[in-house]
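# Observations on chain architecture
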There are 2 protein chains.
Amino acid sequence: MPRYKWDKTPENRAERKKRILDSILQEAARAFNARGYHKTSLDDIAKAQNVTKPTLYYYIRNKEDILVKCEDKASELINGLLDEVVKPEKTGLEILKEFIRGYIPLVTDDVIRCHIRFRGRMDSPELRKRSNNMHRAIELRVREVVARGVADGSLSTCTPTVVTLLLFGTLNGISYWYRDEGALSHDDIYQEALKMFMAGLAQS
Amino acid sequence: MPRYKWDKTPENRAERKKRILDSILQEAARAFNARGYHKTSLDDIAKAQNVTKPTLYYYIRNKEDILVKCEDKASELINGLLDEVVKPEKTGLEILKEFIRGYIPLVTDDVIRCHIRFRGRMDSPELRKRSNNMHRAIELRVREVVARGVADGSLSTCTPTVVTLLLFGTLNGISYWYRDEGALSHDDIYQEALKMFMAGLAQS
DNA sequence: GCCACATGTTACTCATGGGTATACAAAATA
DNA sequence: TATTTTGTATACCCATGAGTAACATGTGGC
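Residues numbered from 1 in each chain as written. Chains lettered and ligands numbered in written order. Predicted model: local features only at pLDDT ≥ 70, side-chain atom pairs only at ≥ 80, totals over all residues. Heavy atoms only, no water.

### Focus: the domain arrangement of chain A
Residue and element names in this part refer to chain A. As a reminder, the rule being used: As annotated, the domain borders come from an automatic or database domain assignment. By the convention used here, residues are in contact when the closest approach between their heavy atoms is within 4.5 Å. By definition, the buried area sums, over both parts, the 1.4 Å-probe accessible area that each loses when the two are put together. One side-chain nitrogen of Lys or Arg within 4 Å of one carboxyl oxygen of Asp or Glu is enough to make a salt bridge. N or O atoms closer than or at 3.5 Å make up a polar contact, with two conditions inside protein: a donor-capable atom paired with an acceptor-capable one, and, for residues adjacent in sequence, both atoms drawn from side chains. Strands are runs of DSSP state E lasting at least 2 residues, helices are runs of H or I lasting at least 4, and numbering of each runs from the N terminus. For this classification, the nonpolar set comprises Ala, Val, Leu, Ile, Met, Phe, Trp, Tyr, Cys and Pro, the charged set comprises Asp, Glu, Lys and Arg, and every other residue, Gly included, is treated as polar.
Domain assignment breaks chain A into domain 1 (11-60) and domain 2 (64-199). The centre of domain 1, based on its C-alpha atoms, is set 26 Å off from the matching centre of domain 2. Contact with domain 1, which involves 15 residues of that partner, is made by 14 residues of domain 2. Carbon and sulfur atoms supply 64% of the area buried between domain 1 and domain 2, which totals about 1300 Å² over both sides. Here domain 1 is connected to domain 2 by 1 salt bridge. A salt bridge links Asp22 to Lys73; the shortest N-O distance between them is 3.2 Å. Linking domain 1 with domain 2 are 4 residue pairs in polar contact (both at pLDDT 80 or more). At the level of secondary structure, the elements contributing two or more residues to the side of domain 1 that touches domain 2 comprise helix H1 (13-35) and helix H2 (42-48). When residues in the side of domain 1 that touches domain 2 are grouped by element, the largest group, 9 residues, is from H1. Within the side of domain 1 that touches domain 2, the residues separate by chemical class into 10 nonpolar, 3 polar and 2 charged.

### A word on the pattern of salt bridges
Residue and element names in this part refer to chain A. Defined as follows: With a 1.4 Å probe rolled over the protein chains alone, any residue whose accessible area is under 20% of its type maximum counts as buried; one over 50% counts as exposed, and the rest are partly exposed.
Summed over all chains, the structure comprises 22 salt bridges over all chains. For the salt bridge of Arg141 with Asp83, the shortest nitrogen-to-oxygen distance reads 2.9 Å. Placement of Arg141 in helix H7 (residues 125-152) and of Asp83 in helix H4 (residues 63-85) is noted, with a sequence separation of 58 residues between them. Note on Arg141: relative accessible area 29%, which makes it partly exposed. Note on Asp83: relative accessible area 45%, which makes it partly exposed. The salt bridge involving Arg113 is made with Asp110; its shortest N-O contact spans 3.9 Å. Remark: Asp110 and Arg113 occur in helix H6 (residues 110-118); sequence separation between them is 3 residues, near one turn of the helix. Both residues of the pair, Arg113 and Asp110, belong to the buried class.

### Side note on the relation of the copies chain B and chain A
Cut-off, in case you're wondering: Alignment of copies: least-squares fit on C-alpha atoms of residues with pLDDT of at least 70 in both copies.
Mapping chain B onto chain A calls for a rotation angle of 180° and an axial translation of 0.0 Å; the resulting RMSD is 0.0 Å. The operation mapping one copy onto its partner corresponds to a two-fold rotation axis. In this assembly, 100% of the residues forming the interface of chain B have copies in chain A that are likewise at the interface, indicating an isologous arrangement.

### A short note on the interface of chain B and chain A
By a widespread convention, an interface's size corresponds to the accessible area lost as its parts come together. Chain B puts 37 residues into the contact, and the matching count from chain A is 37 residues. When chain B packs against chain A, the two sides together hide about 3600 Å² of surface, and 62% of this comes from carbon and sulfur. Per-residue buried area on chain B facing chain A is highest for Leu166, Glu192 and Leu201 of chain B; these three make up 19% of the total on that side. At the surface where chain B touches chain A, the tally comes to 2 salt bridges. A salt bridge links Asp123 of chain A to Lys39 of chain B, with the nearest nitrogen and oxygen atoms 2.9 Å apart. At the boundary of chain B and chain A, one finds 19 residue pairs in polar contact (both at pLDDT 80 or more).

See the structure below:
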């Protein structure tokens, strides 16, 4: 993997820059998740890319900007999933099930883990607000799905606001204990979560 | 509220020291939750107590020690709840319901919030391990409750390990969005969570 | 081959904040 | 009232790490 010698690959400079930025985000997110934001220095991040700290500033504005860029990517992915699963012809229940299935692989991705753990934690008040708004927008879309399910009768009566908050708690919580090397597959977790959410734990 | 003039109150020195330590933990936990551990300086914490930084070192070993002491208190409270609700004559379902009802008020307490958010995040590897062990012990006790419920037929068949992890995700998640000034009472949340967990969302 | 620009590096600055040495005041004790 | 113990403050040290200035070199176009 040659750094800086991009030879005759058909990749142009913009693409190369984007690829390196992406690599920085990925590695930085992994480090933030493992050691924490403040305990990860820019020197650490630079070292992981085999460059020096000032070079990072060619790709990012500052340390906080890494968080922001991760956030953007996370928002894009989650909203993309919602775009995929929300269809007019489907019931709320159907949509919710598909959302959950799609969301579980997402929460085990480093960049999204980073979003889950550090959203709304930026220093700058504007960025904090931006981050919170982004998340609120996502939450609102899911809340609408739940509300639709209640309206169309596929879900039992409940308070969509609270249910959505609880649901995100459960799903985002997965990101804290899931391990790639672990015995549980995404589908194992999906099955168990689905049974719990949809059928309930109590023996009827 | 005289500091250092403890007058003729019947409180002895040890009690006073404990009371001040408690106040430090409470305020520090609140600050950590609001602004983050690293963005809260010892000067901030000292100021909240109307003392100067060195004075803190009379009550704590160092900054990390605050986290450790919060952890201890959290562990004590949660294990205390478990001691209360786990009784040989009750079914797994009954115990689980009572645990959930008792746990919700706990997760909205600053010290426990602090435990939820910062457990396993200490710098020192020994303290990190200690923290993780404490949490694992709690999780294990709840897992046993779930397993008992499955065994006694009060809960439907499931994987207790996964269900317990998901359950803690949901309940701990509450600590991130619950607001004292909000419209939702602990009981509102409990009712909604219980319906979701026990009966499921899907209309049957 | 030379120029313009894209990437990188070395060598700094500088604020922040955890932690300490030391002196000092208030309370308990004798 | 003298002395010891408990509790608090002043004034410092110093490591860390974000961010910058200035300089160096590779790359593609002319």
